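# Coordinate analysis (summary)
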Number of protein chains: 2
Amino acid sequence: MSVPDVETTRRRGRRPGSPNTREAVLTAARAAFAEHGYRKATIRSIARDAGVDPSLVIQFFTSKEGLFRASLELLIGSPEEVAARFAAADGTLGRRLATFYFGLWERPDTRPALTAMALSAASEDEARRAVRGLMARHFVGVIGREIGVEQASRRVPLAATQMLGMAFLRYVVPTDPMASMPVDDVVGLLAPVLDRYLTDDLDEFLTAELIPLSVPGPAGS
Amino acid sequence: MSVPDVETTRRRGRRPGSPNTREAVLTAARAAFAEHGYRKATIRSIARDAGVDPSLVIQFFTSKEGLFRASLELLIGSPEEVAARFAAADGTLGRRLATFYFGLWERPDTRPALTAMALSAASEDEARRAVRGLMARHFVGVIGREIGVEQASRRVPLAATQMLGMAFLRYVVPTDPMASMPVDDVVGLLAPVLDRYLTDDLDEFLTAELIPLSVPGPAGS
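Residues numbered from 1 in each chain as written. Chains lettered and ligands numbered in written order. Predicted model: local features only at pLDDT ≥ 70, side-chain atom pairs only at ≥ 80, totals over all residues. Heavy atoms only, no water.

Going by what an unreviewed UniProt entry lists, chain A is known as Transcriptional regulator, TetR family and is assigned to Cryptosporangium aurantiacum.

As structure tokens, then:
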């Protein structure tokens with residue numbers, strides 16, 4: 001990624017409060033998180049790339065975590081936009097969810113950011129919190145409230161295990177046959193599995209007594 | 001992890017060729033990979049922890065990649081041992097595979113190493129090659145050859161997507177309900193999904209023309 005000269009970008013004279021400024025910061029943030037990962041991306045360098053003062057980034061987004069969250073929302077859309085796309089898609093709920101999710105990964109401009117998001121969530125608490133919040137609002141919230149799936153807070157994360165594992169072995173650590181399958185076949189293969197998690201009778205599993213595990217953090221955290 | 005004093009361990013006088021030496025190196029390697037990840041673990045520090053000369057590590061394992069591969073095999077067992085455990089387990093093939101896989105993750109002594117293995121494979125080419133080789137020999141090979149599943153090289157990786165995604169959201173980024181479910185429920189929930197991938201008629205998907213994707217590496221690789 002080329003870093004624009006600070007003086008040049010400052011001379012463009014973006015006004016602090018304009019929507020363009022917020023958008024420029026988010027575009028720079030998405031590129032920085034995708035290229036460097038959560039830990040190594042800094043507010044200072046993102047502000048420089050966007051041609052604004054770092055204090056303005058804090059004013060808009062409060063913290064690096066807030067900036068990460070907002071740049072994820074820029075990728076995925078607002079909860080209302082997600083709901084509208086689900087409503088517009090064809091097929092079972094599982095097929096619609098897979099179509100939306102893998103549609104995001106198939107776009108060359110969003111794939112590096114989604115990869116960085118998954119890897120950052122594995123090793124950084126702040127990124128993990130942002131990804132969890134996104135999953136709650138954009139997926140559990142939409143599928144529970146808008147589509148009326150009961151126990152969405154338990155069912156949607158189960159569906160996420162299958163989608164995430166497929167994304168990991170298709171895009172992050174490309175492994176055949178997943179990496180070479182047409183995306184329509186990925187959607188067709190996973191749709192019945194996602195329907196199982198989202199709509200089948202899973203009472204046997206979902207009412208089990210929950211025993212919190214003591215799980216150590218990953219290496220390097 | 002406490003690092004034993006070099007002189008103390010040297011004075012124990014392990015003979016270079018003994019099985020104990022190889023085992024000591026593998027134990028130190030497993031701890032180092034789990035604690036530091038693939039990139040930051042070094043042959044020099046592993047040799048020091050094991051109380052041997054670094055040249056001996058190279059003599060045994062050729063390279064860091066070879067050492068990583070051997071320490072994974074130590075976790076999982078030989079292909080023959082994996083086949084024997086599959087044969088001894090009850091239920092459908094999907095249930096037996098899930099029982100074996102999540103049994104590995106449930107052991108507190110192997111979980112940090114498996115986490116490090118998954119994260120290292122996401123960002124390091126050598127670790128990725130080692131994990132792929134392990135998957136080919138220990139899972140595709142065993143399930144294809146010993147159990148007689150056709151198209152195992154396509155079916156087992158599909159099953160891996162579901163198991164890996166579950167392991168990620170249960171152990172690496174602990175997320176409910178996965179993190180709090182009893183492991184028997186995890187196995188019961190996934191078994192029919194794995195059976196679908198391993199034994200259902202998937203010709204519609206598995207004979208599709210393969211179009212290799214151009215997938216960029218993850219951030220930081």
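The structure having been displayed, the exposition proceeds.
### What about the nonpolar core?
In terms of nonpolar packing, the biggest core is built from 155 residues, with Phe102 of chain A together with Phe102 of chain B touching the most fellow members. Not counting chain neighbours up to four residues away, the residues in contact with phenylalanine 102 of chain A comprise Met163, Met166, Ala167, Tyr171, Val183, Val186 and Leu190 of chain A. (Core = buried A, V, L, I, M, F, W, Y, C linked by side-chain atoms within 4.5 Å. Buried < 20%, exposed > 50% of the residue type's maximum accessible area, 1.4 Å probe, protein only. Contact = heavy atoms within 4.5 Å.)

### Some words on the relation of the copies chain B and chain A
Taken as rigid bodies, chain B and chain A are interconverted by a rotation of 180 degrees and an axial shift of 0.0 Å, the fit giving an RMSD of 0.0 Å. Here the symmetry operator amounts to a two-fold rotation axis. The rotation axis passes nearest to the C-alpha of glycine 165 of chain B in chain B, at a distance of 1.9 Å. (Least-squares fit on C-alpha atoms with pLDDT ≥ 70 in both.)

### Observations regarding the packing of helix 11 (residues 183-199) of chain A against helix 11 (residues 183-199) of chain B
Put simply, helix 11 of chain A and helix 11 of chain B touch, their axes get as near as 11 Å, and they point 160 degrees apart. As summarised for this structure, helix 11 of chain A and helix 11 of chain B are arranged roughly antiparallel, according to the angle between their axes. As for how helix 11 of chain A packs across helix 11 of chain B, the hand of that crossing is right-handed. Across the interface between the two elements, Gly188, Leu189, Leu190, Pro192, Val193, Arg196 and Tyr197 of chain A from helix 11 of chain A touch Gly188, Leu189, Leu190, Pro192, Val193, Arg196 and Tyr197 of chain B from helix 11 of chain B. (Axes fitted to C-alpha atoms, helices over the stretch in contact; angles between N-to-C directions. Helix = DSSP H or I, 4+ residues; strand = E, 2+ residues; numbered from the N terminus. Parallel < 35°, antiparallel > 145°, perpendicular 65-115°, else oblique. Left-handed = near helix turned anticlockwise from the far one by under 90°.)

### Some details on the side chain of threonine 175 of chain A
Here threonine 175 of chain A lies in the loop between helix 10 (152-172) and helix 11. Only 2.7 Å separates the side chain of threonine 175 of chain A from the backbone oxygen of valine 173 of chain A, close enough to count as a polar contact. Among residues more than four places away in sequence, those in contact with threonine 175 of chain A are Leu169 of chain A together with Arg132 of chain B. (Polar contact = N/O pair within 3.5 Å; in protein donor to acceptor, adjacent residues only side chain to side chain.)

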